[in-house]
Amino acid sequence: MLDETIIIKGNKEGLNAVINMNKFKDFDEMLDSLIERLSKGKIFYKGCTLKITTELKYINEKDLRRLKDVLFDEFLIKDCIFENSEENNNKIFSGIYEGRTKFIRRTVRSGQVINYSGNLVIVGDVNSGSEIYAGGNIIVIGALRGYVHAGVGGNQKAIVAAFYLQPEILQIGDIATRSPEDSVKPQYPEVARIKGNTIVVEPYLPNKFI
Amino acid sequence: MGEAIVITSGKGGVGKTTTTANIGTALASMGKKVVVVDGDTGLRNLDVLMGLENRIVFTLMDVLEENCKLKQALIKDKRLPNLFLLPTAQTRDKTDITKEQMLSLVNELKGEFDYVILDCPAGIEQGFENAIAGADRALIVVNPEVTSVRDADRVIGKLEAKGLEDHQLIVNRINSDMVKSGDMLDVNDILDSLAVKLIGIIPDDRNITISTNKGEPIVLNDKALSGQAFRNVARRIMGEQVPFLNFDSNNENGFLYSLKKLFGIK
């Protein structure tokens, strides 16, 4: 992750301050740093709603109130919402049977990275040197030669399927493997998934998977 | 308004500069008004291939810094009156030029010439960004080697990311004997993995080395097969439909083929 301690970003919901509590000695140091950051654009923050994303377990009730007081009194912020950053990170995408899916209708080339929280379908090739991450399944209607990671976040039931499955590294959930070297490269479609504790690659047979 | 074409590859030494010189010369010999621009600041070579290294007075850098007019920096070719070279500086660095400067320079050149051929340096850094800034079309030169194909893939991705969608492939240095024996990548293998349109296949030819050293582009040599291949690429650039050459050792140009034909063996 980024080693920045406080990141302030704007999105369509408003302003969001992401605070990494692990980088600070204690709450007071964080508070000083936050005040310093916000002071640079004091007028800008006036009257806005600020969402604070941080590890809430490190902040106790009293400190939380102090933080709110500072934000409301010093910076005249209208509203402040707290969100636990850990909740976000630990959410596992569970829509591998039915859920959000992104279609990519082009060749993914070396150096390109695709990251999606749901399922990914690529109509085209995935060339070596590219990286693909999906929270759910990854289906490639073409040759898969890049780095591929399905079930990012820990979904062990995700699958990776391709017409020609020769990835550099294939990862599902937290189990990774690489293509065997010096063996015959199968020219038929294959599906990779976790069985037991290892990734198993099998020829794609319609009756078996649908 | 002319068309700006960038010749790029990612990997070095695959024949970008040779391709630039030859396509530029071929287009000019077909009556088009052409300028070839050296984008490899600090490591210029296009002037040598054109045989114009002794005529450089002002460079692209001087034009950008307004030390001279654009017309003063353009060098007229020895052989063709409608072919020009815009050389770059050897004593400067690629980072001394910005994308915006290149864009306005290329646009100015496009106003005066039918074709602006830009020679891109190897790599994907500032020099590459500058060279593609004003281009309408990209020709990617690739050798039948895995490393070259890999870098070409990266470059095509970069071009697409920059919004340059019109790109075609030139496969350079094909050796038909090695392809036949399975020691070299086939043109179809390359096309399969890169998924782009093909615009030319250039055979491996010893004459290229000779022509480089002499400063005479190979397209001026009517006998050379590689020259023919470059001329075909130029015609395809102009929109003509030209079939791809057959480089088998017993093709129409071969002595053996003529003998066999004479005796009715085929």
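Since we're looking at a predicted model, the values are computed, not measured.

1. A closer look at the nonpolar core
Among the nonpolar cores identified, the biggest contains 73 residues, and Ile5, Val116, Ile117, Leu118 and Ile140 of chain B are the most heavily contacted of them. Beyond its immediate sequence surroundings of up to four residues, leucine 118 of chain B is in contact with Ala4, Ile5, Val6, Ile7, Val37, Gly39, Ala131 and Ala135 of chain B. Formed by 23 residues, the second largest nonpolar core is a distinct cluster that contains Ile132, Tyr147, Ala162 and Ala192 of chain A.

2. Some details on the confidence of the model for chain B
For chain B, the mean per-residue pLDDT works out to 92, and 93% of the residues sit at or above 70. Reported confidence for the predicted complex is 0.72 by ipTM and 0.73 by pTM.

3. A closer look at the interface of chain A and chain B
Of the residues lining the interface, nine residues belong to chain A; the matching set on chain B comes to seven residues. Residues of the side of chain A that touches chain B, tallied by class, amount to no nonpolar, seven polar and two charged.

4. Topic: the packing of helix α1 (residues 16-29) of chain B against helix α11 (residues 225-237) of chain B
Residue and element names in this part refer to chain B. Between α1 and α11, the shortest axis-to-axis distance is 9 Å and the interhelical angle comes to 65°. Viewed along their axes, α1 and α11 adopt a mutual orientation that is roughly perpendicular. Helix-helix and strand crossings are classified by hand; for α1 and α11 the assignment is right-handed. Contact with α1, carried on its side by Asn22, Ile23, Ala26 and Leu27, involves Phe230, Arg231, Val233, Ala234 and Ile237 of α11 and no other residues of that element.

5. Section: the sheet that holds strand β14 (residues 190-195) of chain A
Residue and element names in this part refer to chain A. The mixed open sheet is built from six strands, whose spatial order is β5-β7-β9-β11-β14-β15. Single-partner strands in this sheet number two, and they are β5 (101-104) and β15 (198-203). Going across the sheet, the axis of each strand differs from the next one's by a mean of 25°, ignoring polarity.

6. Looking at the domain arrangement of chain A
Along its sequence, chain A is organised into domain 1 (6-89) and domain 2 (101-209). Put simply, the middle of domain 1 of chain A and the middle of domain 2 of chain A, counted by C-alpha atoms, are 39 Å apart.

7. Here we look at the sheet that holds strand β10 (residues 147-150) of chain A
All names here are of chain A. If you trace the five strands from one edge of the open sheet to the other, you get β6-β8-β10-β12-β13, paired in mixed fashion. Single-partner strands in this sheet number two, and they are β6 (113-116) and β13 (175-178). Neighbouring strand axes in the sheet, compared pairwise and without regard to direction, differ in orientation by 10° on average. Bridge count for strand β8 (residues 131-134) against β10 is three bridges, and the pairing is parallel. Paired with isoleucine 132 across the strands is valine 148, a residue of β10.

Parameters and conventions
Residues numbered from 1 in each chain as written. Chains lettered and ligands numbered in written order. Predicted model: local features only at pLDDT ≥ 70, side-chain atom pairs only at ≥ 80, totals over all residues. Core = buried A, V, L, I, M, F, W, Y, C linked by C-beta atoms within 7 Å. Buried ≥ 20, exposed ≤ 12 C-beta atoms within 10 Å, placed from the backbone. Contact = placed C-beta atoms within 7 Å. pLDDT = per-residue confidence, 0-100. Nonpolar A, V, L, I, M, F, W, Y, C, P; charged D, E, K, R; others polar. Axes fitted to C-alpha atoms, helices over the stretch in contact; angles between N-to-C directions. Helix = DSSP H or I, 4+ residues; strand = E, 2+ residues; numbered from the N terminus. Parallel < 35°, antiparallel > 145°, perpendicular 65-115°, else oblique. Left-handed = near helix turned anticlockwise from the far one by under 90°. Pairing = 2+ DSSP bridges. Domains from an automatic or database assignment.

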